[in-house]
Amino acid sequence: MALVATVAALLAALGGALWLAARRFVGPSVRHGGGDSGLMHGKTVLITGANSGLGRATAAELLRLGARVIMGCRDRARAEEAAGQLRRELRQAGGSGPGSDAGEAGELVVRELDLASLRSVRAFCQEMLQEEPRLDVLINNAGIFHCPYMKTEDGFEMQFGVNHLGHFLLTNLLLGLLKSSAPSRIVVVSSKLYKYGDINFEDLNSEQSYNKSFCYSRSKLANILFTRELARRLEGTNVTVNVLHPGIVRTNLGRHIHIPLLVKPLFNLVSWAFFKTPVEGAQTSVYLASSPEVEGVSGKYFGDCKEEALLPKAMDESVARKLWDISEVMVGILK
Ligand SMILES: NC(=O)c1ccc[n+]([C@@H]2O[C@H](COP(=O)([O-])OP(=O)(O)OC[C@H]3O[C@@H](n4cnc5c(N)ncnc54)[C@H](OP(=O)(O)O)[C@@H]3O)[C@@H](O)[C@H]2O)c1
């Protein structure tokens, strides 16, 4: 009896390991636009934080679909390195690019954008407006998570400043270009952790108290409220805006979390086995940026390429309007 139980346990463990290995090595089951390498041909896409994790994977996928991808990144050297790798990967995969299948090729452009500096956001947008004749998709992807208490150049709490306010200004300054390129799309990367946030208007810079988890969740709730309010304002313009959560993805997002040395191997194993890969995590961003299925859809929340329900606090229109008005003042958009 004991022998049978041991053999059964070993077989189950072996089966589990094989399943995990297959999951890891075979790759994602769904790949949007997989059969249509020219789906994004002629389209310009701006992705913030495109040098790492989800942003990098989203850039790779959209490049594969033929888009001109602008990587808005805070560190030029890191961004150029990522761009070089992406171009090499595309060539190795036999994809288009200079020299092969000309015409289907996407193109990568690196531009400097630090969302923790309103000055940088303004300079970036000025350059975009001068040099880019069109913008078909804006993907507000960059993010910072669980950092110690820090302030942006303009004195905002870092997670709220980068994840919400920097993107708020960026989007507003690029709206004219998006409208003149319509039909165009805005995609906002939020998180399921929005559920644990609240918009505490009396202390948006967390000067009275700072809790890393709360501030991240608050910034991700702000992403959703921003999306819904913007969708309302964009009605009738042919510019859509949708928000998503990518699931739990193995990226560099946890860089500020200290994992004890002894626990690290276990954490790596668990994350390898159970977290999504960046390519898997990027699928909803790619879907919202490119799929004909969501043409005209706006103001919705997605996970795994499907619409999901939101908690009432993320659908509160009066909070969304108030947040919009206060954000305008904070970033200095004058009416
Ligand atoms: N990974 C997950 O499980 C998960 C779950 C839910 C939501 N998300 C969201 O997914 C998005 C992408 O995160 P990720 O997981 O791909 O993490 P990541 O690998 O750390 O990538 C984040 C990107 O944001 C950039 N960034 C950070 N601060 C910036 C700033 N001040 N200005 C411009 N860019 C800045 C980073 O640039 P540097 O490389 O220069 O630092 C990096 O390119 C974030 O919005 C995050 O909240 C992720």
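The shown structure was predicted, so the numbers you read here are calculated from the model rather than taken from an experiment. (Residues numbered from 1 in each chain as written. Predicted model: local features only at pLDDT ≥ 70, side-chain atom pairs only at ≥ 80, totals over all residues. Heavy atoms only, no water.)

A. Looking closely at the pattern of salt bridges. The full count for this structure, using the stated rule, is 18 salt bridges. When the shortest N-O distance is used, the salt bridge between Asp 75 and Arg 78 registers 3.7 Å. Residue Asp 75 is classed as partly exposed on the basis of its relative accessible area of 27%. When the shortest N-O distance is used, the salt bridge between Glu 112 and Arg 76 registers 3.0 Å. (Salt bridge = Lys/Arg side-chain N within 4 Å of Asp/Glu carboxyl O. Buried < 20%, exposed > 50% of the residue type's maximum accessible area, 1.4 Å probe, protein only.)

B. Structural view of the confidence of the model for the protein chain. In this model, the protein chain carries a mean pLDDT of 90, and residues with pLDDT of at least 70 account for 86%. Scored below 50 in pLDDT, residues 97-103 makes five contacts in the model with residues more than four places away or belonging to other chains. (pLDDT = per-residue confidence, 0-100. Contact = heavy atoms within 4.5 Å.)

C. Layout of unusual backbone geometry. Between Ala 182 and Pro 183 the backbone carries a cis peptide bond, its omega angle lying at 5°. Checked against the element boundaries, Pro 183 lands in the loop between helix 5 (158-180) and strand 5 (184-189). Positive phi outside glycine occurs at Asn 238, with the angle close to 70°. Structurally, Asn 238 can be placed in the loop between helix 6 (212-233) and strand 6 (239-245). Look at Asn 238 and you get exposed, because its relative accessible area is 51%. Positive phi, close to 60°, is recorded for Cys 305, a residue that is not glycine. In this structure, Cys 305 sits in the loop between strand 7 (301-303) and strand 8 (306-307). (Helix = DSSP H or I, 4+ residues; strand = E, 2+ residues; numbered from the N terminus.)

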